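Here are the chains, one letter per residue:
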Amino acid sequence: GESVGLHLPTLSVQEGDNSIINCAYSNSASDYFIWYKQESGKGPQFIIDIRSNMDKRQGQRVTVLLNKTVKHLSLQIAATQPGDSAVYFCAEMDGFQKLVFGTGTRLLVSP
Amino acid sequence: DTAVSQTPKYLVTQMGNDKSIKCEQNLGHDTMYWYKQDSKKFLKIMFSYNNKELIINETVPNRFSPKSPDKAHLNLHINSLELGDSAVYFCASSGRLAGEFFGPGTRLTVL
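Given the structure is predicted, the values throughout are model-derived calculations rather than measurements.

Caption draft 1: Region of interest: the pairing of strand β10 (residues 105–110) of chain A. Residue and element names in this part refer to chain A. With burial as the criterion, only one face of β10 is covered, namely that bearing Thr105, Leu107 and Val109; the residues Arg106, Leu108 and Ser110 on the opposite face remain uncovered. When strand β1 (residues 10–14) meets β10, the two strands line up parallel, connected through five bridges. Directly across from Val13, in β10, lies its bridge partner Val109. In this structure, strand β8 (residues 86–93) lies alongside β10, joined through three bridges in antiparallel fashion.

Caption draft 2: Up close: the interface of chain A and chain B. In this assembly, 23 residues from chain A lie in contact with 20 residues from chain B. The junction of chain A with chain B conceals about 1,700 Å² of combined surface from both sides, 58% of it contributed by carbon and sulfur atoms. Counting every contact that joins chain A to chain B gives four residue pairs in polar contact (both at pLDDT 80 or more). Counting only elements with at least two residues in the side of chain A that touches chain B, the list comes to β3 (32–38), β4 (45–51) and β9 (99–101) of chain A. Grouping the amino acids of the side of chain A that touches chain B by side-chain chemistry returns 11 nonpolar, eight polar and four charged.

The rules behind these values
- Residues numbered from 1 in each chain as written.
- Chains lettered and ligands numbered in written order.
- Predicted model: local features only at pLDDT ≥ 70, side-chain atom pairs only at ≥ 80, totals over all residues.
- Heavy atoms only, no water.
- Buried < 20%, exposed > 50% of the residue type's maximum accessible area, 1.4 Å probe, protein only.
- Helix = DSSP H or I, 4+ residues; strand = E, 2+ residues; numbered from the N terminus.
- Pairing = 2+ DSSP bridges.
- Contact = heavy atoms within 4.5 Å.
- Buried area = accessible area lost by both parts, 1.4 Å probe.
- Polar contact = N/O pair within 3.5 Å; in protein donor to acceptor, adjacent residues only side chain to side chain.
- Nonpolar A, V, L, I, M, F, W, Y, C, P; charged D, E, K, R; others polar.

The structure is reproduced here in structure tokens:
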């Protein structure tokens with residue numbers, strides 16, 4: 001087997017709970033942010049994005065909050081389901097139009 | 001319909017060999033990327049091409065050479081493979097307004 005992901009921070013929740021995944025970004029000049037979900041053996045999947053002129057954006061069961069003052073991004077997942085179990089990455093777009101990814105958080109949802 | 005596809009999905013080879021990974025996107029995007037994901041799930045951009053032109057080259061060794069025959073394809077050729085090249089390689093593409101869409105990944109194992 002592989003030892004991938006053993007160093008990832010992990011959030012364990014019960015099915016039906018709300019989940020909050022946090023991310024600190026580094027570049028105060030970044031103006032575009034994305035959350036990705038990566039399931040085992042698959043590529044990262046776009047969930048939701050937000051531009052720096054907003055502080056909140058809602059999707060279906062997901063909400064992204066942006067606090068530019070402290071360079072903090074969060075992803076809230078309402079009524080978490082077992083299918084939400086995955087590694088979640090935040091990414092910031094720097095001034096060179098390049099996405100810089102965070103280290104990832106593993107979300108484990110128990111039935 | 002697959003948006004971003006990569007071949008092969010798995011690649012096992014000996015040190016010193018040369019190998020290629022192919023990527024195609026049918027989203028009509030102008031920009032394509034190669035990312036490397038290490039064993040700790042850390043995702044880092046390697047290259048970015050816009051309309052067949054190299055935009056980003058993230059201090060990747062010269063042994064890695066991307067080639068874009070047209071804007072729907074971005075292939076990655078790797079010469080003289082080393083043990084440290086073992087990772088999962090993701091191709092991605094993006095349009096003007098949204099984030100990047102990733103392929104399913106190619107797991108490269110160098111023995």
